[in-house]
Amino acid sequence: MIRKSTNLYHEEPEAAGSSLEAPSSPVVCRCLNVTESQIRYAIACGQVLSVRDVTQDTCAGGGCTSCHRDIRRILLDHGIEEKRPVQSKNAAIELLAMMNATTTR
Ligand code: FES
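Rules and cut-offs
Residues numbered from 1 in each chain as written. Predicted model: local features only at pLDDT ≥ 70, side-chain atom pairs only at ≥ 80, totals over all residues. Helix = DSSP H or I, 4+ residues; strand = E, 2+ residues; numbered from the N terminus. Contact = placed C-beta atoms within 7 Å. Axes fitted to C-alpha atoms, helices over the stretch in contact; angles between N-to-C directions. Parallel < 35°, antiparallel > 145°, perpendicular 65-115°, else oblique. Left-handed = near helix turned anticlockwise from the far one by under 90°. Nonpolar A, V, L, I, M, F, W, Y, C, P; charged D, E, K, R; others polar. pLDDT = per-residue confidence, 0-100. Buried ≥ 20, exposed ≤ 12 C-beta atoms within 10 Å, placed from the backbone. Arc of directions from axis to C-beta.

A.B. asks: How do you make sense of the overall build of the chain when you look at a structure like this?
C.D. replies: A tally of helices and strands in the chain yields 5 helices and 2 strands. Seen in sequence order, the chain has helices and strands lined up from the N terminus as α-β-β-α-α-α-α. Counted over contacts in the chain with a minimum sequence separation of 6, partners at least 24 positions apart contribute 38%.

Laid out in structure tokens, this is it:
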């Protein structure tokens, strides 16, 4: 006897897909909706050495930049310490001198 079921092929979409979905990963970059796992994947697969590289690979960090600290933390988890450009003391002194010169005129 063939049993008629109205529910055989018409499951609710959430119930049907819930067992096949990948575990969710937290969103690191809210501007561009990039998850932590996407960033970790880019680091593991590519030549990623900086936040800029992560942005090029995933777009994370390409908006308001408030996620850069979290991206740096993920880079550190992978043993990548980003080298930040160090402004020389002379450049800072020159900038202050220029500002003083323009305000005293
Ligand atoms: S939250 Fe990543 S750029 Fe704004």
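Right, picking up where we left off after that structure.
A.B. asks: Would you explain the packing of helix α2 (residues 36–45) against helix α4 (residues 68–77) in this entry?
C.D. replies: Each pair of packed helices can be described by the angle between their axes along with the distance between the axes. In the contact formed by α2 and α4, the axes pass within 10 Å of each other and the chain directions differ by 50°. What the angle tells us is that α2 and α4 run oblique. Considering how the two elements wind past one another, α2 and α4 form a crossing that is right-handed. Contact with α2, carried on its side by Glu-36, Ile-39, Arg-40 and Ile-43, involves Ile-71, Ile-74 and Leu-75 of α4 and no other residues of that element. Here the residues of the contact of α2 with α4 sort into 5 nonpolar, no polar and 2 charged.

A.B. asks: How do you make sense of the confidence of the model for the chain when you look at a structure like this?
C.D. replies: Note that predicted coordinates carrying low pLDDT should not be read in detail. Per-residue pLDDT for the chain averages 78, and the proportion of residues at 70 or more is 63%. Mean pLDDT values over the elements of the chain span from 46, in helix α1 (residues 13–17), up to 98, in strand β1 (residues 27–29). Counting contacts from residues 1–18, a segment whose pLDDT is below 50, to residues more than four positions away or on other chains yields 1 contact.

A.B. asks: What am I meant to see in the environment of Cys-64 here?
C.D. replies: Structurally, Cys-64 can be placed in the loop between α3 (51–58) and α4. On the basis of neighbour counts, which here come to 11 C-beta atoms within 10 Å, the residue Cys-64 falls in the exposed class. Taking C-alpha positions, Cys-64 is 9.2 Å from Arg-30, a pair spaced 34 residues apart along the chain.

A.B. asks: Explain the environment of Ala-60 to me, please; I cannot follow it from the model alone.
C.D. replies: Along the polypeptide, Ala-60 turns up in the loop between α3 and α4. Given 28 C-beta atoms within a 10 Å radius, Ala-60 is considered buried. Residues Ala-60 and Gln-38, 22 residues apart in the sequence, show an inter-C-alpha distance of 9.2 Å. With residues near it in sequence (within four places) discarded, Ala-60 still touches Val-28, Cys-29, Leu-32, Val-34, Ile-39, Val-54, Thr-55, Cys-67 and Ile-71.

A.B. asks: For this particular structure, what's the right way to read α4?
C.D. replies: Note that an α-helix has 3.6 residues per turn; residues three or four places apart therefore point the same way. Within α4 the residues assigned to the buried category are Ile-71, Ile-74 and Leu-75. The arc that holds every buried residue of α4, seen down its axis, measures 100°, which confines them to one face. In α4, the exposed residues that point more than 90 degrees away from the buried face are Arg-69, Arg-73, Leu-76 and Asp-77. On its buried face, α4 is in contact with β1, α2 and α3.

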